[in-house]
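In case you want the letters, here they are:
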Amino acid sequence: MQNEELDYAEVIRKGARIFLVPVVHYVNKQLQTKFGDNYLEKSNFIYANSDSSNRELRIKNDRIQWDLYNIITFICLNKKNQKTNTENETINFRDFLFPEIRDDHFARFETLRSLRNVISHETYDGVEWNVLISLNDAETYLNDMKYLLQSIPYDDENAINEIDKLLEKLVQFKKTQNQLTDENFKNKILNNEKQRSEYKDEEIDISTINELLSVKKSSRVNFKNKIIKCTILKFKDSHEERIMDEWCDPSGKITKKAETLIGKNVVTTVWKPKSFDPQKWFRNIYEVDNDQFYNNLNSDDDCIFPF
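Below: a short report on this structure.

Parameters and conventions
- Residues numbered from 1 in each chain as written.
- Predicted model: local features only at pLDDT ≥ 70, side-chain atom pairs only at ≥ 80, totals over all residues.
- Heavy atoms only, no water.
- Core = buried A, V, L, I, M, F, W, Y, C linked by side-chain atoms within 4.5 Å.
- Buried < 20%, exposed > 50% of the residue type's maximum accessible area, 1.4 Å probe, protein only.
- Helix = DSSP H or I, 4+ residues; strand = E, 2+ residues; numbered from the N terminus.
- Contact = heavy atoms within 4.5 Å.
- Pairing = 2+ DSSP bridges.
- Phe/Tyr/Trp six-rings, centres within 6.5 Å; stacked < 30°, edge-to-face > 60°.
- Lys NZ or Arg CZ within 6 Å of the ring centre and 35° of its normal.
- Salt bridge = Lys/Arg side-chain N within 4 Å of Asp/Glu carboxyl O.
- Axes fitted to C-alpha atoms, helices over the stretch in contact; angles between N-to-C directions.
- Parallel < 35°, antiparallel > 145°, perpendicular 65-115°, else oblique.
- Nonpolar A, V, L, I, M, F, W, Y, C, P; charged D, E, K, R; others polar.

## Digging into the nonpolar core
Ranked by internal contacts, the top residues of the largest apolar core, which has 55 residues, are Phe19, Val27, Phe74 and Phe98. Elements supplying a minimum of two residues to this core: helix H1 (8–35), helix H2 (39–48), helix H3 (68–75), helix H4 (93–97), helix H5 (103–113), helix H6 (115–120), helix H7 (135–151) and helix H8 (157–177). Per element, the largest residue contribution to this core is 14 residues, and it comes from H1. Leave out the neighbours within four places in its chain, and Phe19 touches Leu68, Phe109, Leu112, Met145, Leu148, Leu149 and Ile163. Val215, Cys248, Val266 and Phe282 belong to the second-largest nonpolar core, a separate cluster that totals 12 residues.

## Quick look at the pairing of strand E12 (residues 284–287)
For a regular strand, side-chain orientation follows a simple rule: the groups alternate between the two sheet faces. Neither face of E12 is open: one carries Asn284 and Tyr286, the other Ile285 and Glu287, and all of them are buried. Inspection of the sheet shows strand E11 (residues 265–271) paired to E12 by four bridges, in the antiparallel sense. The residue bridging Thr268 from the neighbouring strand is Ile285, located in E12.

## Describing unusual backbone geometry
Of note in the backbone geometry, Asn61 takes a positive phi value of approximately 55° without being a glycine. Structurally, Asn61 is set in the loop between strand E1 (59–60) and strand E2 (63–64). Here Lys272, not a glycine, exhibits a phi torsion of approximately 60°, which is positive. Judged by relative accessible area, which is 46%, Lys272 ranks as partly exposed.

## Overview of the environment of Met145
When you line up the elements, Met145 lands in helix H7. On the basis of relative accessibility, which here comes to 0%, the residue Met145 falls in the buried class. The spatial distance from the C-alpha of Met145 to the C-alpha of Phe19 is 6.4 Å, given a sequence separation of 126 residues. In this view, Met145 contacts Ile12, Gly15, Ala16, Phe19, Leu112, Leu115 and Ile163; residues no more than four positions away in its chain are not counted.

## Looking at the packing of aromatic side chains
A complete count under the given rule lists eight aromatic pairs for this structure. Between the aromatic rings of Phe19 and Phe109, the centroid separation amounts to 6.3 Å while the plane-to-plane angle is 45°, which identifies the pairing as tilted. In this pair, Phe19 sits in helix H1 while Phe109 sits in helix H5, placing the two residues 90 residues apart along the sequence. Three or more aromatic residues joined by ring pairs make a cluster, and in this case those are Tyr26, Trp66, Phe74, Phe93 and Phe98. One cation-aromatic arrangement involves Lys34 over Phe96; the distance from NZ or CZ to the ring centre is 5.5 Å. The residue whose ring lies beneath Arg94 is Phe106, and the NZ or CZ to ring-centre distance is 3.8 Å.

## Concerning the pattern of salt bridges
Per the stated rule, a full pass over the model turns up 14 salt bridges. Residue Arg58 is joined to Asp67 by a salt bridge in which the shortest nitrogen-to-oxygen separation is 2.9 Å. The class of Asp67 is partly exposed, set by a relative accessible area of 27%. A cluster of three or more residues bridged by salt bridges with shared partners is formed by Glu10, Arg13 and Arg17.

## Considering the packing of H1 against H7
The N-to-C vectors of H1 and H7 enclose an angle of 10°; their axes lie 10 Å apart at closest approach. On the basis of the axis angle, H1 is roughly parallel to H7. Mapping the contact onto sequence places Tyr8, Val11, Ile12, Gly15, Ala16, Phe19, Pro22 and Val23 in H1 and Leu135, Ala138, Tyr141, Leu142, Met145, Leu148 and Leu149 in H7. Classifying every residue of the contact of H1 with H7 by side-chain character gives 14 nonpolar, one polar and no charged.

This is the structure:
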């Protein structure tokens, strides 16, 4: 069961309400600009005749009652000869109403349409309540909302800031969920770091536990405007990347070790964590598996823990 301290479905409901407001303003402005005084009639005709369902928009007090599902369904209509009235006048729907939205944006909108089912289906098995959404799902949906709000031509910085607050809440909760709690394991890692020849009594910190998705050799520009070769780790269950500059791994052994851990749960270490966030930088990497850890620790092959 998901942790009761944070209801992911409720987080997404809050995000959807924040997201809906600027999207409605954007769509209404487009409809009024393109269709003028007839925008209600034409919008309802388009919605009702876009497929065989004959569904209609809810209109009250001369305003369309948009919900997340019907507004995304409307935005994502994709007929090049969409009828707008009974006289069979047609438009190229997307080009006419939403020329600013790129094709990949429509795909993101389509993904958000599935939220209606995801957040409304709650199950009970006699012991626990469960929802279909996970913490990582919630983070992905919120990032899609933020991306789309940044992309459509409707300026609502407050909405983006509010979604950022929800994302930060998820990130902080994930950190508390994924902390390494095995004190013996943590001490073994710290002792190994301190035995490295380049270690100079710096403070050491350990990242959260995350599933390693990829290891990439790349480069970055530092604060002195110099290009620094580096290794970048990406994770399946986190949007954060972690970087190690090449000077930390001149032999390439740590990078090679990381490549063998793709698909596994890992933690990484940093030195001087007050300057280098353990969620953004790394000096070494360890698989979170006690048996494997002790096997590696006792191995004579220094490539296992490539210091």
